[in-house]
Amino acid sequence: MKKCHSIGLLVVACALVAAGVLVALRVSSRQAIPEGTAQEQVQAVLEHNGCFVCHAQEPNLPFYAKLPVMKKVMAKHTSTALRAVDLESRIVGGVPADEAVLSMVAHVTANGEMPISQYRMIHWGSGVGAKEKRAVAEWVYDNRLNRFGYSDSEASEPVRPVPETVPYDAAKAMLGEAMYNDTRISLDGTISCASCHILKDGGDSDPAHRTSEGIYGQFGGVNAPTVYNAVFNVQQFWNGRAADLQEQAAGPPENPVEMGDQTWDQICERLREDKALVKLFESLYPGEGLTRNTVTGAIAEFEKTLITPDAPFDRYLKGETDAIDAQAIEGYDYFKRFACASCHTGVGIGGSSFERLGIFADYFAERSEDIEYCADDDGLKGFTGKDADLHRFKVPGLRNVALTAPYFHDGSMATLEDAVRAMARYELDRELSDAEVSALVAFMNTLTGQSKYLAQ
């Protein structure tokens, strides 16, 4: 009996030694970061820790993923992971990482949230080590500094202040302001850009309506996003179908629901009846005059001026410690701790990527029955045609968010508190306490900046 007991102890001891060796080898291998560029090193860190096993369009699943129990578990994990982020397409192959991916990777590595515990239980020794964390942190810092315009003191934070100004042509911007408010662009002379992007109220549509009202009292399928700080967006519209402000300005005038069933040739012909306007365009755009390109170009030039610097939170970031109160500071801490800042990042605190609405729960299945599904609900897929882009929307910037109710692309959330709770549920799988919601809202209330057009 004693002999059997001794043999058993010996077997256990050998197993523990073997496990220890395996862990040591794996940790040693993981922290031996290969030579190469910073991005190649970070790719190696993610590869070593199995990130691309799940966060890829075609997951490279291990053999045990086919086993009866593991098959179900792995299917759930890979599905959730891919809804969260396709790391392979956004990092691998020399693709420059966007600001959101930088923040995502920085957050999960710094906080030890990835790989998930189930993965680590099977893959002993996985988990980002100290050397790997430093490599990731340096990669994030350098990208923010050299690619996205953060200052040295800002690059350690996921968000940065709105600059005091951006480059623009003042004369063209003045003409663009006139065009922005010109109802002659619409078919019946009743709708202007300012009708759906009301500058005094936050740059978005009338808060009395869930979606925007266009010509003849028609309502579209989406809630018009704010035009303030839109110059910082990576693309325009909820589904990203416009590359920049000028391309965005060209769309609504030809939309039958927004400004009427018409063409830009018809619009320009109507505008050319104003000889003074024609002369002004010819002076600012010699050789081209009044055309679709110059009208939309002038509007875009004006929209570049619609930035809102000097928010209390920006002053706080710059070192004015009493610019916001203790509750707002607590809210910003939650904002980072809960990974809200992984998507709502950069100068716009959003607008830099397209993310899935409904990572942990089906938002559209649970949405109010009063809201019918429409083509706009397809999100980015409506522009790219890719199934992988279904229900991915441009992350809205949170600048002046206290002024832009209702919320979400469909205007389904009446209050900021509603939106915060919904985002926590669908994107974070988290139920927030009343105190956490209040703190997050207090932080968001400090994001309202300054503009001569905003009603103060």
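These numbers were taken from a predicted model, which means no experiment stands behind them.

*Asks:* Tell me about the overall build of the chain, and name the residues and values.
*Replies:* When helices and strands are counted, the chain shows 20 helices and 2 strands. Burial status across the chain gives 47% buried among its 456 residues. When contacts within the chain are restricted to residue pairs at least 6 apart in sequence, long-range pairs at least 24 apart make up 67% of them. About 22100 Å² of surface is accessible on the chain, with carbon and sulfur atoms providing 56% of the total. Taken as two groups, the 43 positive and 63 negative side-chain charges of the chain have centres that lie 9 Å from each other.

*Asks:* Tell me what's going on with the packing of aromatic side chains, and back it up with residues and numbers.
*Replies:* Within the structure shown, the criterion is met by 15 aromatic pairs. For the ring pair Tyr180 and Phe302, a centre distance of 5.2 Å and an interplane angle of 65 degrees mean the geometry is edge-to-face. You can see Tyr180 sitting in helix H9 (residues 170–180) and its partner Phe302 sitting in helix H14 (residues 292–303), a full 122 residues away along the chain. Pairwise contacts between aromatic rings join Tyr363, Phe364, Tyr373, Phe393, Phe408 and Tyr426 into one cluster. Seen from the ring of Phe237, Arg241 lies directly overhead, with NZ or CZ sitting 3.7 Å from the centre.

*Asks:* With reference to specific residues and values, describe the side chain of Gln248.
*Replies:* Tracing the backbone shows Gln248 in helix H11 (residues 245–250). Taking relative accessible area as the criterion, Gln248 reaches 14% and is therefore assigned buried. Those residues in contact with Gln248 that lie beyond four places of it in its chain are Gln236, Phe237, Ala242 and Glu303.

*Asks:* Before we move on, can you summarise the confidence of the model for the chain with the specific residues and values?
*Replies:* Close inspection of predicted coordinates is inappropriate for parts of the model with low pLDDT. For the chain, per-residue confidence averages 90 on the pLDDT scale, and residues scoring 70 or more make up 93% of the total. Per-residue pLDDT stays below 50 along residues 1–30; that stretch engages in 20 contacts with residues further than four places along the chain or on separate chains.

*Asks:* Summarise unusual backbone geometry; cite the residues concerned and give the values.
*Replies:* Residues Met114 and Pro115 are joined by a peptide bond in cis, for which omega reads -5 degrees. Mapped onto the secondary structure, Pro115 falls in the loop between helix H6 (99–110) and helix H7 (117–122). Of note, the amide linkage connecting Ala405 to Pro406 takes the cis form, showing an omega dihedral of -5 degrees. For Pro406, the position within the fold is in the loop between strand E2 (392–394) and helix H19 (416–428). Residues other than glycine seldom take positive phi values, yet Asn229 does so here, at roughly 65 degrees. Structurally, the position occupied by Asn229 is in the loop between helix H10 (193–196) and H11. Even without a glycine there, the phi angle at Asp429 is positive, about 55 degrees. Mapped onto the elements of the fold, Asp429 is located in the loop between H19 and helix H20 (434–444).

*Asks:* Lay out the nonpolar core in plain terms, naming residues and giving numbers.
*Replies:* Grouped together as the largest cluster of nonpolar side chains are 37 residues, with contacts concentrated most on Phe335, Phe408 and Met444. Of all elements in the fold, only helix H16 (326–337), helix H17 (363–366), H19 and H20 reach the threshold of two or more residues within this core. At 7 residues, the largest contribution of residues to this core is made by H20. Within the second largest apolar cluster, 30 residues are counted, among which are Ile267, Phe281, Ala298 and Tyr453.

*Asks:* Describe the pattern of salt bridges, listing the residues and the values that go with them.
*Replies:* In the structure shown here, the tally under the stated rule is 17 salt bridges. Two residues, Glu320 and Arg315, come together in a salt bridge whose shortest N-O distance is 3.6 Å. One salt bridge in this structure joins Arg425 and Glu366, with 2.7 Å as the shortest N-O distance. You can see Arg425 sitting in helix H19 and its partner Glu366 sitting in helix H17, a full 59 residues away along the chain. Residue classification places Glu366 among the partly exposed positions, given a relative accessible area of 41%. Here the salt bridges do not stand alone but share partners, grouping Arg90, Asp98 and Glu355 into one network.

*Asks:* Before we move on, could you go through the side chain of Glu355 and cite the residues and values that matter?
*Replies:* With respect to the helices and strands, Glu355 occurs in strand E1 (residues 354–356). A distance of 2.6 Å separates polar atoms of two side chains, one belonging to Glu355 and the other to Ser353. If near-sequence neighbours (up to four positions away) are discounted, Glu355 is found in contact with Ala84, Arg90, Ala100, Met104, Cys343, His391, Arg392, Phe393 and Val395.

*Asks:* Go over the packing of helix H12 (residues 264–271) against H14 with me, naming the residues and quoting the values.
*Replies:* Interhelical geometry of H12 versus H14 gives an angle of 80 degrees and a closest axis separation of 9 Å. Relative to H14, the element H12 lies roughly perpendicular. Between H12 and H14, the contacting residues are Trp264, Cys268 and Leu271 on the first element and Arg292, Val295 and Thr296 on the second. Grouping the amino acids of the contact of H12 with H14 by side-chain chemistry returns 4 nonpolar, 1 polar and 1 charged.

*Asks:* Summarise the environment of Leu187; cite the residues concerned and give the values.
*Replies:* The residue Leu187 is located in the loop between H9 and H10 in this model. For the pair Leu187 and Glu35, spaced 152 residues apart in the sequence, the C-alpha separation amounts to 61 Å. Beyond its immediate sequence surroundings of up to four residues, Leu187 is in contact with Ile215, Tyr216, Met259, Gly260, Asp261, Gln262 and Arg270.

*Asks:* Talk me through the packing of H9 against H14; I want residue IDs and the actual numbers.
*Replies:* Interaxial distance between H9 and H14 falls to 7 Å at its minimum, and their mutual angle equals 105 degrees. Our classification of the angle between H9 and H14 gives roughly perpendicular. Touching Lys172, Ala173, Leu175, Gly176, Glu177, Met179 and Tyr180 of H9 are Val295, Ala298, Ile299, Glu301, Phe302 and Glu303, all from H14.

*Asks:* Account for a negative patch on the surface, naming residues and giving values.
*Replies:* On the surface, a cluster of negative charge is contributed by Glu254, Asp265, Glu269 and Glu273. Judged by its relative accessible area of 54%, Glu269 falls in the exposed class.

Reading the values: the criteria
Every chain begins its residue count from 1, and numbering advances along the sequence as written. In view of the model being predicted, local features appear only for residues whose pLDDT reaches at least 70, and side-chain atom pairs are presented and counted only at 80 or more, with totals across whole chains, interfaces and linings using the full set of residues. Side-chain calculation: all heavy atoms of the structure are included, whereas hydrogens and water are not. Strands are runs of DSSP state E lasting at least 2 residues, helices are runs of H or I lasting at least 4, and numbering of each runs from the N terminus. Only protein chains enter the calculation, and the probe is 1.4 Å; a residue is then buried if its accessible area is under 20% of its type maximum, exposed if over 50%, and partly exposed in between. Contacts: residue pairs with any heavy atoms within 4.5 Å of one another. To measure how exposed things are, a 1.4 Å probe is used in the Shrake-Rupley method; for residues, cover is taken only from the protein chains shown. Positive charge is attributed to Lys and Arg, negative charge to Asp and Glu, and no charge count is given to His or to the chain ends. Positions of charges follow a simple convention, taking NZ of Lys, CZ of Arg, CG of Asp or CD of Glu. Aromatic contacts are taken between Phe, Tyr and Trp rings whose centres are within 6.5 Å, Trp giving its six-membered ring; a plane angle under 30 degrees counts as stacked, one over 60 as edge-to-face, and the others as tilted. Charge-over-ring placement is defined geometrically: NZ (Lys) or CZ (Arg) within 6 Å of the ring centre, and within 35 degrees of the ring normal. Think of pLDDT as the predictor's per-residue confidence, scored from 0 to 100. Side-chain atoms within 4.5 Å link the members of a nonpolar core, which is a set of buried Ala, Val, Leu, Ile, Met, Phe, Trp, Tyr and Cys residues. The rule for a salt bridge is simple: a side-chain nitrogen of Lys or Arg has to be within 4 Å of a carboxyl oxygen of Asp or Glu. Each polar contact in these results corresponds to two N or O atoms within 3.5 Å; when the atoms are within protein, one needs to be able to donate a hydrogen and the other to accept it, and residues that are neighboring in sequence are counted only if both atoms are side-chain atoms. Only the stretch in contact is used when fitting a helix axis, every axis being a line fitted to C-alpha atoms; angles between N-to-C directions are given from 0 to 180 degrees. Note on terminology: angles under 35 degrees are roughly parallel, angles over 145 are roughly antiparallel, angles of 65 to 115 are roughly perpendicular, and the others are oblique. Residue polarity is assigned by list, with Asp, Glu, Lys and Arg as charged and Ala, Val, Leu, Ile, Met, Phe, Trp, Tyr, Cys and Pro as nonpolar; anything else, Gly included, falls into the polar class. Patch membership is restricted to residues that have no salt bridge and whose relative accessible area is over 30%. Joining uses 9 Å for like charges and 5 Å for the nonpolar side chains Val, Leu, Ile, Met, Phe, Trp and Tyr.

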